Amino acid sequence: MRRLAGTLVLASALLPSLAARAGASLLVDDAGTTLDGRCQLESWLRMAPTGAVDASAVPACALGGVEYSLGGSVASTATPAELSFGLKHTLRDVGEATPGFAVSVGSAWSGHAGAPGAAIANLIASVPMPGLGLVHLNAGWSVARGHAPAPTFGTGLEHPLGSRWLLLAEGYVQRGVGTTWQAGLRRTLGRSVTADLLGGADPHGRWLTLGLNYSPDGG
């Protein structure tokens, strides 16, 4: 499952200063959270054609119906390390034929900044579509230091390819920034581990993402 804080720590890929996006190595969040009393870990490497590499990790734990995430990112360039914090609450779980809904908020810090450089609030829906898979819809509001507040919109698709593979595709739009897209594959390696291979692009360039995710409840 995607995490809000995960993409906050890599949001500098979209704006010169920190901006907020939706979650983990994927940009568009889903309506699910990990089970109460459980934790999970999402991690990924993002590589650009220039040779620049970002490494990120986002552990998340759930308690009292709220999922708390704390993420960190470091880059091979001179870009300062980044830290983010997120909260997410599922309003209704997605079912085989019924949509799920969630809300999330988060903030991000870069370097030694004493105040958050970005914040976002997001409404999330995950809708099962027969014959297509699971469609995720996001609508939010992003505030980044030095930039005017901007609405954000995203849509993502998880299409099953057999029992162990998922086709992933998504588009994400932020006013004043433009459109970002990603597409690729997810492979189930075990009951609790998945791996992602994604290609993406935005108005500033292209990248390749390798992700490794651990979720004890298979989420």
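Let us look at the structure shown here.

What counts and how
Residues numbered from 1 in each chain as written. Predicted model: local features only at pLDDT ≥ 70, side-chain atom pairs only at ≥ 80, totals over all residues. Heavy atoms only, no water. Helix = DSSP H or I, 4+ residues; strand = E, 2+ residues; numbered from the N terminus. Buried < 20%, exposed > 50% of the residue type's maximum accessible area, 1.4 Å probe, protein only. Contact = heavy atoms within 4.5 Å. Areas by Shrake-Rupley, 256 points an atom, 1.4 Å probe, with all protein chains shown as cover. Disulfide = S-S within 2.5 Å. Pairing = 2+ DSSP bridges. Axes fitted to C-alpha atoms, helices over the stretch in contact; angles between N-to-C directions. Patch = residues over 30% accessible without salt bridge, like charges linked within 9 Å, V, L, I, M, F, W, Y side chains within 5 Å. Salt bridge = Lys/Arg side-chain N within 4 Å of Asp/Glu carboxyl O. Polar contact = N/O pair within 3.5 Å; in protein donor to acceptor, adjacent residues only side chain to side chain.

Right, let's talk about the overall build of the protein chain for a bit. When its secondary structure is counted, the protein chain shows 1 helix and 12 strands. The helix and strand sequence of the protein chain, counted from the amino end, reads α-β-β-β-β-β-β-β-β-β-β-β-β. When each of the 219 residues of the protein chain is scored for burial, the buried share is 42%. Residue pairs in contact within the protein chain that sit at least 24 positions apart in sequence constitute 45% of those at least 6 positions apart. On the protein chain, roughly 9,900 Å² of surface is accessible, and the fraction owed to carbon and sulfur atoms is 68%.

So, about the state of the cysteines. Counted by the stated rule, this structure contains 1 disulfide. Each sulfur of the disulfide joining C39 and C61 lies 1.9 Å from the other. Taking the sign of the S-S torsion, 110° for the link of C39 and C61, the bridge is right-handed. On the criterion of sequence distance, the pair formed by C39 in strand β1 (residues 39-47) and C61 in strand β2 (residues 53-63) is long-range, its members being 22 residues apart. Taking relative accessible area as the criterion, C39 reaches 37% and is therefore assigned partly exposed.

Side chains of β1 alternate between two faces, with Q40, E42, W44 and R46 buried and C39, L41, S43, L45 and M47 left unburied. Alignment of β1 against β2, held across 9 bridges, turns out to be antiparallel. Its bridge partner lying in β2, L41 is registered against P59. Hairpin remark: β1 followed by β2, antiparallel, with 5 residues in the connecting loop; positive phi at G51, about 100°. For β1 and strand β12 (residues 205-214), the ladder comprises 7 bridges, and the chain directions are antiparallel. Each bridged residue has a counterpart across the sheet, and for E42 the counterpart in β12 is N213.

Hydrogen bonding along the main chain pairs the strands of a sheet, whether they run parallel or antiparallel. One closed barrel holds the 12 strands; their spatial order is β1-β2-β3-β4-β5-β6-β7-β8-β9-β10-β11-β12, and the pairing between them is antiparallel. This sheet shows a mean twist of 20° between the axes of neighbouring strands, independent of strand direction. In terms of strand pairing, strand β5 (residues 100-110) meets strand β6 (residues 118-129) through 9 bridges, oriented antiparallel. In the sheet register, S104 faces β6, and the bridge partner there is N122.

The next subject is the side chain of R186. Following the sequence through the fold, R186 ends up in strand β10 (residues 178-188). By relative accessible area, which is 11% here, R186 ends up buried. In this structure, R186 is in contact with L26, R164, W165, L166, L168, T194, A195, D196 and N213, ignoring residues within four places of it in sequence.

This part is about a nonpolar patch on the surface. Judged by side-chain polarity, L63, Y68, L70, L83 and F85 come together as a nonpolar surface patch covering roughly 480 Å² of accessible area. Of all elements in the fold, only β3 (66-75) and β4 (82-92) reach the threshold of two or more residues within the nonpolar patch. Tracing the chain through its elements places L83 in strand β4. By relative accessible area, which is 42% here, L83 ends up partly exposed.

Topologically, D196 is positioned in strand β11 (residues 193-202). Since its relative accessible area comes to 4%, D196 is described here as buried. Engagement of the side chain of D196 in a polar contact is seen with the side chain of R186, the distance being 2.6 Å. Among all residues touching D196, those that are not within four sequence positions of it are S25, L168, L185, R186, T209, L210, G211 and N213.

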